[in-house]
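Each chain, written out:
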Amino acid sequence: MLPYVAEFLGTMLLILLGDGVVANVTLNKSGMKGAGSIQITIAWGLAVMVPAFIFGAASGASFNPALTIALAAHGLFDWAQVPGYIVAQFAGAIVGACLVYILFKDQFDATDDPGTKLGVFSCGPSVPNMPLNLLAEIVATFVLVFAILGIPSTTVAGVEKFMVFGIIVSCGMSLGGLTGYAMNPARDIGPRIAHQILPIKGKGDSNWGYAVVTLVGPVIGALLATFVHMGLQGIGF
């Protein structure tokens, strides 16, 4: 039970800090409004790193259904635990997003643009083009998972968390402007569910038509990274 609780709490904290920085930077009446994409990108990396330090020993700190599936496909994680982990990750993401709404309710009320409000919760493309948007999520998640799998096993305990922070920031800085670099179905779908059910003033549509990109793209990218990594291991790389 402890690993599932840890995944729930870790994903909840990830979304609280990740969606929280977007709210902090984009909503009216926020003290950090206008701080920009650099703050958001760095804060998202930290949003993954902080819960990883707290809950890594208990659950492995996946916080990402695509990564969990990829690790299981690689033989590094028990398939029997995958469903429970995924449920915990989605549930944690929904709760984390709800907390962001509660904390920033006055700022949400002061913001008129529905797109800005949705952007706090979920990702969206800068240019809507489903095939290219899907490819962007596949590539970004491939880089994320392939780099994580490439972290040397001899790395001093704890240092790998800083490496993951660097990987996420790198993906965000280089590819984030295309789709918001979900790279994690729970990170997008969980908060999108929260956006759908919460009584957000003037919130508009939750754009479920785009959700297929953030649900399918990361899983494809993660599995491709796993298979390439296994293939390279097979030839002694």
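Scroll up to find the structure.
Now for a description of the structure that goes with this document. (Residues numbered from 1 in each chain as written. Predicted model: local features only at pLDDT ≥ 70, side-chain atom pairs only at ≥ 80, totals over all residues. Heavy atoms only, no water.)

A short note on the side chain of T226
- Tracing the chain through its elements places T226 in helix α10 (residues 211-234).
- Take T226: its relative accessible area is 0%, and that puts it in the buried class.
- Apart from residues no more than four positions distant in its own chain, T226 is found in contact with A70, A73, H74, V145 and L149. (Helix = DSSP H or I, 4+ residues; strand = E, 2+ residues; numbered from the N terminus. Buried < 20%, exposed > 50% of the residue type's maximum accessible area, 1.4 Å probe, protein only. Contact = heavy atoms within 4.5 Å.)

A short note on unusual backbone geometry
- In this model, K29 sits at a positive phi of 70°, which is unusual for a non-glycine residue.
- Turning to its location among the elements, K29 is positioned in the loop between α1 (2-26) and α2 (37-59).
- Taking relative accessible area as the criterion, K29 reaches 68% and is therefore assigned exposed.
- A positive phi is found at M183, a non-glycine position, where the angle reads about 55°.
- Within the secondary structure, M183 sits in the loop between α8 (159-179) and α9 (185-197).

Here's the deal with the pattern of salt bridges
- On inspection of all chains with the given rule, the structure shows 4 salt bridges.
- With a shortest N-O distance of 3.7 Å, D19 and R187 are connected by a salt bridge. With D19 in helix α1 and R187 in helix α9, the pair connects residues that are 168 residues apart, well separated along the chain. Both residues of the pair, D19 and R187, belong to the buried class.
- In this structure, D188 and R192 form a salt bridge, with 3.0 Å as the shortest nitrogen-oxygen distance. Remark: R192 and D188 occur in helix α9; sequence separation between them is 4 residues, near one turn of the helix. The same class applies to D188 as to R192, namely buried. (Salt bridge = Lys/Arg side-chain N within 4 Å of Asp/Glu carboxyl O.)

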